[in-house]
Amino acid sequence: EADIYQTPRYLVIGTGKKITLECSQTMGHDKMYWYQQDPGMELHLIHYSYGVNSTEKGDLSSESTVSRIRTEHFPLTLESARPSHTSQYLCASSEYLTSGTDTQYFGPGTRLTVL
Amino acid sequence: SQQGEEDPQALSIQEGENATMNCSYKTSINNLQWYRQNSGRGLVHLILIRSNEREKHSGRLRVTLDTSKKSSSLLITASRAADTASYFCATDDFPNNAGNMLTFGGGTRLMVKP
């Protein structure tokens, strides 16, 4: 089992609400990621971080924002949730290796439903 | 953009049978990895094969890589009902794409019937 945690596991909210999805890892990994995944579909990278104070946008355009103030913590925030944000959000982390190998460890995910 | 594409998209077999899933990709890679995802959960890393390797084994898993065809296969032997999950391939593209980002395929949904 990977030491990476996400809360909440399930969230149902109304349109326009501000939400923060939490992700923490205790493995001391420098790199962290947020993916969006619709049920049974591929993963889309929406944000990643190389380390503290580093954040980058991924391949999929997202209205969410992230922060990386501490190595172990990588929260994702939606300022104003919309039904189109309904999806599963997966957080992952990996060690930064110069060898080019990048095995990722995933949290259990947050399933978000916006009404 | 999607790099890996799994085939088939869904596979249903009986317990004890072998399951084979294929992954094709478009660009040169450093390595290719397979992950498993149980319903409603995160992904779990299964096995990594480097671009200079052709075959790798781990327990009941056998992975092959053909870089000339840009394809990989995952074989699960003597399948069990507990193997029911989605299986994703992921490539670490070469040259280095912004720090070894992984690109995931769409997955194969495997159902193993008891």
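Relevant structure appears above.
One structure accompanies this document, and this report is about it. (Residues numbered from 1 in each chain as written. Chains lettered and ligands numbered in written order. Predicted model: local features only at pLDDT ≥ 70, side-chain atom pairs only at ≥ 80, totals over all residues. Heavy atoms only, no water.)

**Section: the overall build of chain B**
Moving on, step 1. A count of helices and strands for chain B gives zero helices and eleven strands.
Moving on, step 2. Mapped from its N terminus to its C terminus, chain B presents α and β elements in the order β-β-β-β-β-β-β-β-β-β-β.
Moving on, step 3. For chain B, whose C-alpha radius of gyration is 14 Å, the value lies close to the compact-globule estimate of 13 Å for 114 residues.
Moving on, step 4. Principal-axis analysis of the C-alpha atoms gives chain B an extent of 45 × 30 × 20 Å. (Helix = DSSP H or I, 4+ residues; strand = E, 2+ residues; numbered from the N terminus. Rg over C-alpha atoms; globule rule 2.2 N^0.38 Å.)

**Some remarks on the pairing of strand β11 (residues 110-114) of chain A**
Residue and element names in this part refer to chain A.
Moving on, step 1. Burial of β11 is one-sided: the residues T110, L112 and V114 facing one way are buried, the residues R111 and T113 facing the other way are not.
Moving on, step 2. Note: strand β2 (residues 10-13) against β11, four bridges, orientation parallel. The partner of L11 across the bridge, within β11, is L112.
Moving on, step 3. Of the strand pairs in this sheet, strand β9 (residues 87-94) and β11 are connected by three bridges, and their pairing is antiparallel. For Q88, the partnering residue across the bridge sits in β11 and is R111. (Buried < 20%, exposed > 50% of the residue type's maximum accessible area, 1.4 Å probe, protein only. Pairing = 2+ DSSP bridges.)

**Digging into the interface of chain A and chain B**
You'll often see interface size given as the accessible area lost when the parts meet.
Moving on, step 1. Taken together, the contact between chain A and chain B spans 25 residues of the former and 24 residues of the latter.
Moving on, step 2. Between chain A and chain B lies a buried interface of about 1900 Å² when both sides are counted; carbon and sulfur atoms form 47% of it.
Moving on, step 3. In this assembly, chain A and chain B are joined by zero salt bridges.
Moving on, step 4. In this assembly, chain A and chain B are joined by three residue pairs in polar contact (both at pLDDT 80 or more).
Moving on, step 5. Breaking the side of chain A that touches chain B down by element, the ones donating at least two residues are β4 (31-37), β5 (43-49) and β9 of chain A.
Moving on, step 6. Per element, the largest residue contribution to the side of chain A that touches chain B is four residues, and it comes from β4 of chain A. (Contact = heavy atoms within 4.5 Å. Buried area = accessible area lost by both parts, 1.4 Å probe. Salt bridge = Lys/Arg side-chain N within 4 Å of Asp/Glu carboxyl O. Polar contact = N/O pair within 3.5 Å; in protein donor to acceptor, adjacent residues only side chain to side chain.)

**Side note on the packing of aromatic side chains**
Moving on, step 1. For the coordinates displayed, the defined rule picks out seven aromatic pairs over all chains.
Moving on, step 2. A ring pair is formed by Y35 of chain A and F106 of chain A, whose centres lie 5.6 Å apart and whose planes are at 35°; its orientation type is tilted. Here the residue Y35 of chain A occupies a position in strand β4, and F106 of chain A occupies one in strand β10 (residues 105-106), the gap between them amounting to 71 residues. For the pair Y35 of chain A and F106 of chain A, a shared accessibility class is recorded, and that class is buried.
Moving on, step 3. The interplanar angle of 80° and the centroid separation of 5.9 Å between the aromatic rings of F106 of chain A and Y35 of chain B together place this pair among those described as edge-to-face. (Phe/Tyr/Trp six-rings, centres within 6.5 Å; stacked < 30°, edge-to-face > 60°.)

**What about the pattern of salt bridges?**
All names here are of chain B.
Moving on, step 1. If you walk through the whole model with that rule in mind, you get seven salt bridges over all chains.
Moving on, step 2. Note that K56 is salt-bridged to E53, the shortest N-O span being 4.0 Å.
Moving on, step 3. Classification of E53 by relative accessible area gives partly exposed; the value is 24%.
Moving on, step 4. Here D83 makes a salt bridge to R60, at a shortest N to O gap of 2.9 Å. Placement of D83 in the loop between β8 (71-76) and β9 (85-93) and of R60 in the loop between β6 (55-58) and β7 (61-66) is noted, with a sequence separation of 23 residues between them.

**A few points about the environment of A78 of chain B**
Residues and elements named next belong to chain B.
Moving on, step 1. Summarising the element assignment, A78 is placed in the loop between β8 and β9.
Moving on, step 2. We classify A78 as partly exposed; its relative accessible area is 38%.
Moving on, step 3. Each C-alpha atom of the pair A78 and T108 lies 18 Å from the other, and the pair is 30 residues apart in sequence.

**Some thoughts on the side chain of S86 of chain B**
Residue and element names in this part refer to chain B.
Moving on, step 1. Relative to the elements of secondary structure, S86 occurs in strand β9.
Moving on, step 2. Looking at S86, the relative accessible area reads 12%, which means it is buried.
Moving on, step 3. Those residues in contact with S86, other than ones at most four positions away along the chain, are Y35, R36, Q37, T108 and R109.

By themselves, these observations are geometric and do not establish any function.
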